[in-house]
Amino acid sequence: MSLWKQKRIVSKAVGLAALALSAAVGTSVSAEEAKTQYFPLATFRVGAYASSGIPVWAGEIDYFRYINEVEGGINGIKLVWDECETNWEVEKGVECYERVKAGKNGSPVPIFLPHGDPISKALTEKSVADKIPLVTIAYGRTEAIDGRVFPYSFPVVFSFWSEASSAVNFIAEKVGGKDKLKGLKIATVYHDSPYGKETQVPLAHLAKTYGFEDIQIPVPHPGNEQSAQWAKIRQLKPDWVFLRGWGVMTPVAIKTAAKVGFPVDHIIGGIWSGSEEDVRPAGAVGKGYLAITPFPAGANFEIHQKLKKYILDKGLSDLKDPKSFGSVYYNSGVDEAIVAVEAIRTAQAHFGVRPINGEEAQWGLEHLDLSEKRLAEIGATGLQQPLKLSAKDHEGGGAGKVLQWDGEKWNVVSNGWVKSDRDLLLPLIYERAAAYAREKGITPRDATN
């Protein structure tokens, strides 16, 4: 071998060794210096649904800033975040996930918040492979409640099935009991998409159980023309309408209902048809409209007084429109941030006070217990329902409050939290999860809790 070749080999070996040492040192330093907890945020500040999303991020970011500024982080671990624009599109959402899943500056990703039902479903299998929990509050795959089959999907607080059941139970309250549901007609006007169809199975089961007539009426996306659907409503004369829209579909439905003479106070909007952004465009005819939500509106909760004092009044808020402070969507962001922070806090109590990774955050979520006492300590009594998760139950709540629009603001008109018939629906959910497991060749985890 020539001297030149020998020198080249030695030089290459030294270079590779130096590169390896540099990488090892860099990794070691990053891990050692990781005193922050990274939260990537998939957002949609542009596109058709931006007006709905912007207040959500404000509530979430304001709460994160409150944790940093007032509490000094989660047990001293400060939160850091950045945003990745998805435009509420699946492909972009998946790209964002792939871009951030490795963490940042040595801080791992504990939880990914997809902020989009289609995106969350596209990431179901990826999240398992990467061991990063997907937290989807009030959206996502309902059968993922069964964590034995879906270990890294968490449709926390209020699934679409619970939404449908709670709406029916509110109607039962109004008519004098569940026995009075028999013979009623309940029509669901829904966004003709997988999201919109998600409540068909539970409503059919509830109709069979309680004896009401279940009418399903689809509305093609985006829902800016609904004359035919509401003409059918006028013809069929249902007693109540359950409206499961998104975006422009909701105000168009309210205005079209008024044109055909259907009483707006007998329309109950679903989770994503129950914000200020949904009713204000409907104008005066929206007065009296009802909606069920796990995110009750209002800025009088104790946590809001803290946010105002320490974040908004100091010019630290992400909120661009002060009128949105305490709105349904702003409060949904606060709720989501509370769940994420408390899951990390729970994981830290078990694994140690440091940045938490996805596998550890999964444990934290499955052992999350937001009791009345803890909610009072946070200042979220009445804003967030008590919540206890387990490996068999990734929802944990299952209740909503019914709001009514008075022309200017939402008011709670239900008797507190309206619980869903979880005992009636969970067996069906577990059956669907088991079918998914068989289809995908998944062996469900052994879970005793």
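Residues numbered from 1 in each chain as written. Predicted model: local features only at pLDDT ≥ 70, side-chain atom pairs only at ≥ 80, totals over all residues. Heavy atoms only, no water.

Caption draft 1: Just the packing of aromatic side chains, in detail. Applying the stated criterion across every chain yields a total of 19 aromatic pairs. Seen from their ring centres, Y66 and Y310 are 6.4 Å apart, and the 55° between their planes marks the pair as tilted. Of this pair, Y66 sits in helix 2 (residues 50-69) while Y310 sits in helix 12 (residues 302-312), and the two are 244 residues apart along the sequence. Of the aromatic side chains, those joined through ring pairs into one cluster are Y49, W88, W246, W272, F295 and Y329. Across from the ring centre of Y430, 4.9 Å away, lies the NZ or CZ of R148, which sits over that ring. Here K401 stacks its cationic end above the ring of W417, 4.7 Å away from the centre of that ring. (Phe/Tyr/Trp six-rings, centres within 6.5 Å; stacked < 30°, edge-to-face > 60°. Helix = DSSP H or I, 4+ residues; strand = E, 2+ residues; numbered from the N terminus. Lys NZ or Arg CZ within 6 Å of the ring centre and 35° of its normal.)

Caption draft 2: Here's a closer look at the environment of H205. You can see H205 is positioned in helix 8 (residues 200-210). In the structure, H205 is positioned 166 residues away from F39 in sequence and 39 Å away in space, judged by C-alpha atoms.

Caption draft 3: Quick peek at the pattern of salt bridges. All told, the structure shown has 29 salt bridges when counted by the stated rule. Put simply, E98 and K101 hold a salt bridge, and the shortest N to O gap is 2.8 Å. Overall, K101 belongs to the partly exposed group, its relative accessible area being 29%. D130 is the salt-bridge partner of K101, the closest N and O atoms lying 3.4 Å from each other. Of the two residues, K101 sits in the loop between helix 3 (90-100) and helix 4 (117-122) while D130 sits in helix 5 (residues 124-130), which places them 29 residues apart along the sequence. We classify D130 as partly exposed; its relative accessible area is 29%. (Salt bridge = Lys/Arg side-chain N within 4 Å of Asp/Glu carboxyl O. Buried < 20%, exposed > 50% of the residue type's maximum accessible area, 1.4 Å probe, protein only.)

Caption draft 4: Local environment of the UniProt feature "domain: Leucine-binding protein" (unreviewed entry) in the chain. Listed under "domain: Leucine-binding protein" (unreviewed entry) in the UniProt record, and renumbered for this structure, are residues 43-406. Within the segment residues 43-406, helix and strand shares are 42% and 14% respectively, and the terminal C-alpha atoms sit 30 Å apart. (UniProt positions renumbered as here; feature names shortened; annotations may be inferred.)

Caption draft 5: Region of interest: the domain arrangement of the chain. Assigned domains within the chain: domain 1 (36-158 + 298-398 + 423-440) and domain 2 (162-293). If you average the C-alpha positions of domain 1 and of domain 2, the two centres end up 28 Å apart. Contact with domain 1, which involves 24 residues of that partner, is made by 25 residues of domain 2. Between domain 1 and domain 2, the buried area comes to about 2,000 Å², and carbon and sulfur atoms account for 62% of it. (Domains from an automatic or database assignment. Contact = heavy atoms within 4.5 Å. Buried area = accessible area lost by both parts, 1.4 Å probe.)

Caption draft 6: View of the side chain of R345. Along the chain, the position of R345 falls in helix 13 (residues 328-351). Overall, R345 belongs to the buried group, its relative accessible area being 17%. Reaching out from R345, the side chain makes a polar contact with the side chain of E342 at a distance of 3.2 Å. Among all residues touching R345, those that are not within four sequence positions of it are I67, E71, I74, N75 and R374. (Polar contact = N/O pair within 3.5 Å; in protein donor to acceptor, adjacent residues only side chain to side chain.)

Caption draft 7: Quick look at the layout of surface pockets. As a volume, the largest pocket reaches approximately 470 Å³. For the largest pocket, the lining is made up of 27 residues, of which W88, G116, D117, Y139 and W272 are closest to its centre. Of all the elements in the fold, those that place two or more residues in the lining of the largest pocket are helix 2, helix 4, helix 7 (194-197) and helix 13. No other element matches helix 2, which puts 4 residues into the lining of the largest pocket. For the lining of the largest pocket, a count of residues per class yields 15 nonpolar, 8 polar and 4 charged. Looking at which domains feed residues into the lining of the largest pocket, each of domain 1 (36-158 + 298-398 + 423-440) and domain 2 (162-293) gives three or more. Taken as a whole, the second largest pocket spans an internal volume of roughly 240 Å³. Lining the second largest pocket are 16 residues; nearest its centre among them are E276, A297, G298, K409 and W410. When residues of the lining of the second largest pocket are traced back to their parent elements, those giving at least two are strand 12 (399-405) and strand 13 (410-412). For the lining of the second largest pocket, the element with the most residues is strand 13, which contributes 3 residues. Class assignment for the residues of the lining of the second largest pocket results in 7 nonpolar, 4 polar and 5 charged. (1 Å grid on protein atoms, 1.4 Å probe; cavity = no way out; pocket = protein on both sides within 12 Å on 5 of 7 lines; lining within 4 Å. Points joined across faces, edges and corners; volume = space filled by probe spheres on them. Nonpolar A, V, L, I, M, F, W, Y, C, P; charged D, E, K, R; others polar.)

Caption draft 8: A look at empty space enclosed by the protein. Applying the stated criterion to the full structure yields 3 cavities of 30 Å³ or more. A volume near 70 Å³ is recorded for the largest cavity. If you go around the largest cavity, the residues you meet are S120, K121, T124, L134, T136, G140, R141, A144, S153, F154 and P155. At the level of secondary structure, the elements contributing two or more residues to the lining of the largest cavity comprise helix 4 and strand 4 (153-154). Taken together, the residues that form the lining of the largest cavity break down as 4 nonpolar, 5 polar and 2 charged. Roughly 40 Å³ of volume is contained in the second largest cavity. I145, S159, W161, S162, E395, R422, L425, L426 and I429 together form the lining of the second largest cavity. Of all the elements, helix 16 (residues 422-440) adds the most residues to the lining of the second largest cavity, at 4 residues.

Caption draft 9: Region of the structure containing the state of the cysteines. On inspection of all chains with the given rule, the structure shows 1 disulfide. Note on cysteine connectivity: C84 is disulfide-linked to C96, with sulfurs 2.0 Å apart. Disulfide C84 to C96: torsion about the S-S bond roughly -80°, handedness left-handed. You can see C84 sitting in strand 2 (residues 78-85) and its partner C96 sitting in helix 3, a full 12 residues away along the chain. Residue class for C84 comes out buried when judged on its relative accessible area of 7%. (Disulfide = S-S within 2.5 Å.)

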